[in-house]
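Residue-level listing of the chains:
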Amino acid sequence: QVQLVESGGGLVQAGGSLRLSCAASGRAYGMGWLRQAPGKERDLVASISTSGGRTYYADSVKGRFTISRDNAKNTMWLQMNSLKPEDTAVYYCAALNGQHMAVRADEYDYWGQGTQVTVSS
């Protein structure tokens, strides 16, 4: 079992930055950040392989968001720059059990409780 706890969400103006953190207890393979806006499906924002050597980004965040991890600290981050109102959502940290990377939300095995990110215009 892997438990995930997100932190770092909040309210920011458009163009601003936030950094989300995800602390994992237990061994996590591939990990990712997903988000869900009101009335919408939960979508993958970014994913990172077990080693951290491979990353994937949704087109909507490429060039603005950066995913990273430190396995020694069992922590993953999402640096979000140039935030837009359409980035407003609940952001979830997720992890895989035995799989090194995934780009679909339904592939993830473990989930955090989520952290709210609100971007005002």
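Above this note sits the structure.
This write-up is about the structure you can find in this document. From a predicted model like this one, the values you see are computed outputs, not experimental measurements.

**Some remarks on the state of the cysteines**
Here is step 1: Counting across every chain of the model gives 1 disulfide.
Here is step 2: Put simply, C22 and C93 are joined by a disulfide, and their sulfur atoms are 1.9 Å apart. Torsion about the S-S bond of the C22 and C93 cystine: about -65°, corresponding to left-handed handedness. With C22 in strand β3 (residues 18–25) and C93 in strand β9 (residues 89–95), the pair connects residues that are 71 residues apart, well separated along the chain. With respect to burial, C22 and C93 carry one shared label: buried.

**So, the packing of aromatic side chains**
Here is step 1: Evaluated as defined, the whole model comprises 2 aromatic pairs.
Here is step 2: Aromatic pair Y92 and W111: ring centres 6.3 Å apart, planes at 80°, arrangement edge-to-face. Pair noted here: Y92 is in strand β9 and W111 is in strand β10 (residues 110–111), with a separation of 19 residues, a long-range link.
Here is step 3: Residue W111 is classed as partly exposed on the basis of its relative accessible area of 28%.

**Here we look at the nonpolar core**
Here is step 1: Grouped together as the largest cluster of nonpolar side chains are 30 residues, with contacts concentrated most on L4, M31, W33, L78, M80 and Y91.
Here is step 2: Listing elements by their share of this core, those giving two or more residues are β3, β4 (31–36), β5 (43–48), β7 (65–70), β8 (75–80), β9 and β11 (115–120).
Here is step 3: Excluding residues that lie within four positions of it along the chain, M31 makes contacts with L4, C22, A24, S47, I48, I67, R69, M76, C93, A94, A95 and Y108.
Here is step 4: Listed in part, the 7 residues of the second largest apolar core include L34, L44, A94 and L96.

**Thoughts on the sheet that holds β7**
Here is step 1: One open sheet holds the 4 strands; their spatial order is β1-β3-β8-β7, and the pairing between them is antiparallel. In this open sheet, the two edge strands, each paired with only one partner strand, are β1 (3–7) and β7. Strand-to-strand twist across the sheet, computed as the mean angle between neighbouring axes with direction ignored, equals 15°.
Here is step 2: As judged from the 6 bridges shared by β7 and β8, these two strands associate in the antiparallel manner. Bridge assignment links F65 to a residue of β8, and that residue is M80.

**Here we look at the pairing of β3**
Here is step 1: The pairing of β1 with β3 spans 5 bridges and is antiparallel. Residue pairing in the sheet places L4 in a bridge with A24 of β3.
Here is step 2: Here β3 pairs with β8 via 6 bridges, running antiparallel. Each residue of the ladder has a partner; that of A23, found in β8, is T75.

Cut-offs used in this document
- Residues numbered from 1 in each chain as written.
- Predicted model: local features only at pLDDT ≥ 70, side-chain atom pairs only at ≥ 80, totals over all residues.
- Heavy atoms only, no water.
- Disulfide = S-S within 2.5 Å.
- Helix = DSSP H or I, 4+ residues; strand = E, 2+ residues; numbered from the N terminus.
- Buried < 20%, exposed > 50% of the residue type's maximum accessible area, 1.4 Å probe, protein only.
- Phe/Tyr/Trp six-rings, centres within 6.5 Å; stacked < 30°, edge-to-face > 60°.
- Core = buried A, V, L, I, M, F, W, Y, C linked by side-chain atoms within 4.5 Å.
- Contact = heavy atoms within 4.5 Å.
- Pairing = 2+ DSSP bridges.
- Axes fitted to C-alpha atoms, helices over the stretch in contact; angles between N-to-C directions.

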